[in-house]
There are 2 protein chains.
Amino acid sequence: MGSSSLKKESMKVPEPTLRRLPWYLSNVKLMKQKGEHFVSSTQISKDINVDASQIAKDLSYVRIAGRTRVGYDVDALIAVLEDFLGFTDMHKAVLFGVGSLGGALLRDSGLKHFGLEIVAAFDIKPELVGTHLNGIPIYHPDEFKQRREELGVNIGVLTVPIEIAQSITDTMVQGGIKAVWNFTPFRIRVPEDIVVQNTSLYAHLAVMFNRLNCNEPK
Amino acid sequence: MGSSSLKKESMKVPEPTLRRLPWYLSNVKLMKQKGEHFVSSTQISKDINVDASQIAKDLSYVRIAGRTRVGYDVDALIAVLEDFLGFTDMHKAVLFGVGSLGGALLRDSGLKHFGLEIVAAFDIKPELVGTHLNGIPIYHPDEFKQRREELGVNIGVLTVPIEIAQSITDTMVQGGIKAVWNFTPFRIRVPEDIVVQNTSLYAHLAVMFNRLNCNEPK
């Protein structure tokens with residue numbers, strides 16, 4: 001699928017599109033399992049309740065041509081989407097903060113299927129430093145800069161307590177990290193050229209609890 | 001904090017507000033640790049780079065009165081926010097799919113600090129059924145309806161493979177679940193009165209990879 005590798009470097013795709021593309025991917029994977037060879041945006045639309053014209057527009061970013069009355073080739077669409085979303089390249093990452101959530105992420109080997117491999121973790125706790133979790137070595141943060149260079153990593157996963165979220169972010173950026181996947185509920189600040197992806201499970205819980213309370217009979 | 005418990009049932013708060021409130025909470029907690037007793041929306045604004053008027057508007061939902069020139073009482077603001085966001089009530093949940101991510105979530109005891117306690121898990125794998133993970137019992141899905149009633153649970157966490165995401169969602173809803181926390185990249189469909197919170201780590205990865213590629217020198 002060399003044709004698509006050329007493009008993904010060059011284009012900033014709108015975030016809503018990037019969030020919808022994985023839906024299409026999982027939907028098309030399911031169709032493949034059911035034995036389908038071609039799929040149209042109308043079919044995907046029916047299954048996942050997104051407007052067909054929106055789907056066609058989103059898919060125009062990945063530059064795969066659908067054929068009139070036949071639709072997209074299922075195998076080609078899966079391959080192009082996985083490539084486009086970055087799930088076929090392996091991106092190495094380090095993780096800071098081997099607490100409850102950090103430890104859970106180290107154990108979640110499933111991230112590898114979506115292109116993320118955590119290759120080292122950092123924590124100050126003496127009982128953790130020098131040990132391994134799920135085969136991943138845990139180092140003291142003092143070793144970070146050297147290890148990052150050795151490992152050639154440019155993504156950092158942030159799962160530390162909020163008190164040190166900013167200082168650890170600064171450490172990561174100074175050490176050469178280019179993207180921070182922030183799982184803390186803290187709003188970290190970074191230089192302009194650094195990517196931040198916030199994934200606050202707690203914010204999602206807050207939304208879910210509120211909606212649940214609204215639905216409950218008074 | 002009885003005064004705020006009255007209100008949270010009654011109001012559907014905009015999602016962007018609900019997503020920002022945990023930022024304010026973590027910021028104010030940090031100020032408390034630094035010994036501050038009062039905080040203004042202007043101070044929070046400086047720290048987290050959100051407009052002060054937006055912060056004041058968001059905080060108007062939680063109905064805490066700030067005092068002119070003094071600001072909000074730090075302890076009261078923390079208590080009211082935690083209560084409002086649902087982090088002080090314990091919400092019981094069950095989890096379906098004890099794979100890599102599901103197992104990781106069962107091990108993440110940190111969710112309890114934000115009001116979510118997973119009390120039972122379900123999986124069809126014979127080697128898992130009847131065992132415990134982090135003290136949480138794993139049952140066969142056939143036992144779901146009965147167990148849910150016994151346990152009085154109305155939240156279901158979905159971490160199954162995409163092929164069965166919809167059918168397991170249907171099982172949960174038929175069994176009495178009122179809110180589904182969907183970690184799969186599959187877009188599940190539910191009746192109107194059921195809450196769905198999508199948390200797709202893979203979609204977040206896709207956004208991060210794309211931004212990172214855009215920033216890289218060509």
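Since this is a predicted model, take the numbers as computed values, not measurements.

Engineer: What is the right way to read the sheet that holds strand β8 (residues 179-182) of chain B from this model?
Structural biologist: Strand pairing in a sheet relies on backbone hydrogen bonds, with the paired strands running either antiparallel or parallel. All names here are of chain B. On the basis of which strands lie adjacent, the open sheet formed by seven strands has the order β5-β6-β4-β3-β7-β8-β9 and mixed pairing. Edge positions in the sheet fall to β5 (132-133) and β9 (195-198), since each has one partner strand and no second. Pairing between strand β7 (residues 155-158) and β8: four bridges, direction parallel. Paired with Leu158 across the strands is Asn182, a residue of β8. Running over the sheet, helix α7 (residues 144-151) touches β3 (91-96), β4 (116-122) and β6 (136-139) and is turned about 155 degrees from β4.

Engineer: I'm lost on the sheet that holds strand β7 (residues 155-158) of chain A in this one. Help?
Structural biologist: Strand order across the open sheet formed by seven strands is β5-β6-β4-β3-β7-β8-β9 (chain A), with mixed pairing between neighbours. In this open sheet, the two edge strands, each paired with only one partner strand, are β5 (132-133) and β9 (195-198) of chain A. With two bridges joining them, strand β4 (residues 116-122) of chain A and strand β6 (residues 136-139) of chain A adopt parallel strand pairing. What sits directly across from Ala121(A), in β6(A), is Ile138(A). Set on the sheet, helix α9 (residues 201-215) of chain B makes contact with β3 (91-96), β4, β7, β8 (179-182) and β9 of chain A; between it and β9(A) the angle comes to about 170 degrees.

Engineer: Looking at this model, I keep getting lost on the nonpolar core. Mind explaining?
Structural biologist: One broad trend across soluble globular proteins is that nonpolar side chains are buried collectively. Grouped together as the largest cluster of nonpolar side chains are 108 residues, with contacts concentrated most on Tyr24(A) and Tyr24(B). In this structure, Phe96(A), Ala165(A), Ile177(A) and Ile188(A) belong to the second largest nonpolar core, which totals 21 residues.

Engineer: Mind showing me how you'd approach the pattern of salt bridges here?
Structural biologist: Oppositely charged side chains are able to pair whenever their charged atoms sit close together. One pass over the full model with this rule turns up 14 salt bridges over all chains. Salt-bridge contacts for Asp58(A) lead to Arg20(A); the nearest nitrogen and oxygen are separated by 2.6 Å. Taken together, the positions of Asp58(A) in helix α4 (residues 52-60) and Arg20(A) in helix α2 (residues 15-33) put the pair 38 residues apart, joining distant regions of the chain. Assessed through its relative accessible area of 17%, Arg20(A) is described here as buried. Lys125(B) is paired through a salt bridge with Asp123(B); the nearest N and O atoms lie 3.1 Å apart. Under the relative-accessibility criterion, Lys125(B) is labelled partly exposed at 32%. Judged by relative accessible area, which is 7%, Asp123(B) ranks as buried. When salt bridges that share partners are traced, they join Glu143(A), Arg147(A) and Glu150(A) into one network.

Engineer: Looking at this model, I keep getting lost on the domain arrangement of chain A. Mind explaining?
Structural biologist: As assigned here, chain A comprises domain 1 (3-85) and domain 2 (91-203). One C-alpha centre belongs to domain 1 of chain A, the other to domain 2 of chain A; they are set 31 Å apart.

Engineer: Explanation requested: the pairing of β3(B) in the structure shown.
Structural biologist: Side-chain positions along a regular strand alternate between the two faces of the sheet. Residues and elements named next belong to chain B. Across the six residues of β3, five count as buried, placing the element largely inside the fold. Pairing between β3 and β4: six bridges, direction parallel. Note on β4: the bridge partner recorded for Leu95 is Ala121. Crossover β3 to β4 through helix α6 (residues 100-107) is right-handed.

Engineer: What should I look at first to understand the pairing of β7(B) in this one?
Structural biologist: Residue and element names in this part refer to chain B. Residues Ile155 and Val157 point to one face of β7 and Gly156 and Leu158 to the other, with burial holding for every one of them. Of the strand pairs in this sheet, β3 and β7 are connected by four bridges, and their pairing is parallel. Of the residues in β7, the one forming a bridge with Val94 is Gly156. Handedness of the crossover is the feature at issue here: the chain leaves β7, passes through helix α8 (residues 165-174), returns alongside β8, and the resulting connection is right-handed.

Engineer: So what exactly am I meant to see when it comes to the relation of the copies chain B and chain A here?
Structural biologist: Relating the two copies of this chain is a rotation about some axis coupled with a shift parallel to it. The operation relating chain B to chain A is a screw motion whose rotation component is 180 degrees, with 0.0 Å of axial translation and a residual RMSD of 0.0 Å. The symmetry that links the two subunits is that of a two-fold axis. For chain B, the minimum C-alpha distance to the rotation axis belongs to Ala104(B) and amounts to 2.2 Å. A share of 100% of interface residues in chain B that are also interface residues in chain A marks the association as one of identical surfaces.

Engineer: I'm lost on the packing of helix α2 (residues 15-33) of chain B against helix α4 (residues 52-60) of chain B in this one. Help?
Structural biologist: Angle between the axes and distance between the axes are the two parameters that describe a pair of packed helices. Residues and elements named next belong to chain B. Relative to each other, α2 and α4 sit at 105 degrees, their axes nearing to 10 Å. The angle between α2 and α4 places the two elements in the roughly perpendicular class. Of the residues in α4, those in contact with Thr17, Arg20, Leu21 and Tyr24 of α2 are Gln54, Ile55, Asp58 and Leu59. Its residues assigned to classes, the contact of α2 with α4 comprises four nonpolar, two polar and two charged.

Engineer: Any chance you could explain the side chain of Ser41(B) here in plain terms?
Structural biologist: Looking at the element boundaries, Ser41(B) is found in helix α3 (residues 41-48). Each residue touching Ser41(B), except ones within four places of it in the same chain, is listed here: Ala52(B), Ile55(B), Ala56(B) and Tyr72(B).

Engineer: Would you take a moment to explain the side chain of Ser26(B) for this structure?
Structural biologist: Within the fold, Ser26(B) resides in helix α2. If near-sequence neighbours (up to four positions away) are discounted, Ser26(B) is found in contact with Ile162(A), Pro185(A) and Phe186(A).

Engineer: Mind showing me how you'd approach the interface of chain B and chain A here?
Structural biologist: Counting residues at the interface gives 72 residues for chain B, matched by 72 residues for chain A. Summed over both sides, the interface of chain B with chain A buries roughly 6800 Å², with 66% coming from carbon and sulfur. One can count zero salt bridges joining chain B with chain A. Across the contact surface, chain B and chain A share 24 residue pairs in polar contact (both at pLDDT 80 or more). Within the residue set of the side of chain B that touches chain A, elements represented by two or more residues are α2, α3, α6, β8, β9 and α9 of chain B.

Engineer: How do you make sense of the environment of Thr131(B) when you look at a structure like this?
Structural biologist: Residue and element names in this part refer to chain B. Structurally, the position occupied by Thr131 is in the loop between β4 and β5. The contacts of Thr131, once residues within four sequence positions are left out, are Ile136, Pro137 and Ile138. Separated by 2.6 Å, the side chain of Thr131 and the backbone oxygen of Leu128 make a polar contact.

Basis of the calculations
- Residues numbered from 1 in each chain as written.
- Chains lettered and ligands numbered in written order.
- Predicted model: local features only at pLDDT ≥ 70, side-chain atom pairs only at ≥ 80, totals over all residues.
- Heavy atoms only, no water.
- Pairing = 2+ DSSP bridges.
- Helix = DSSP H or I, 4+ residues; strand = E, 2+ residues; numbered from the N terminus.
- Contact = heavy atoms within 4.5 Å.
- Axes fitted to C-alpha atoms, helices over the stretch in contact; angles between N-to-C directions.
- Core = buried A, V, L, I, M, F, W, Y, C linked by side-chain atoms within 4.5 Å.
- Buried < 20%, exposed > 50% of the residue type's maximum accessible area, 1.4 Å probe, protein only.
- Salt bridge = Lys/Arg side-chain N within 4 Å of Asp/Glu carboxyl O.
- Domains from an automatic or database assignment.
- Right-handed = clockwise from strand over helix to strand, strands pointing away.
- Least-squares fit on C-alpha atoms with pLDDT ≥ 70 in both.
- Parallel < 35°, antiparallel > 145°, perpendicular 65-115°, else oblique.
- Nonpolar A, V, L, I, M, F, W, Y, C, P; charged D, E, K, R; others polar.
- Buried area = accessible area lost by both parts, 1.4 Å probe.
- Polar contact = N/O pair within 3.5 Å; in protein donor to acceptor, adjacent residues only side chain to side chain.

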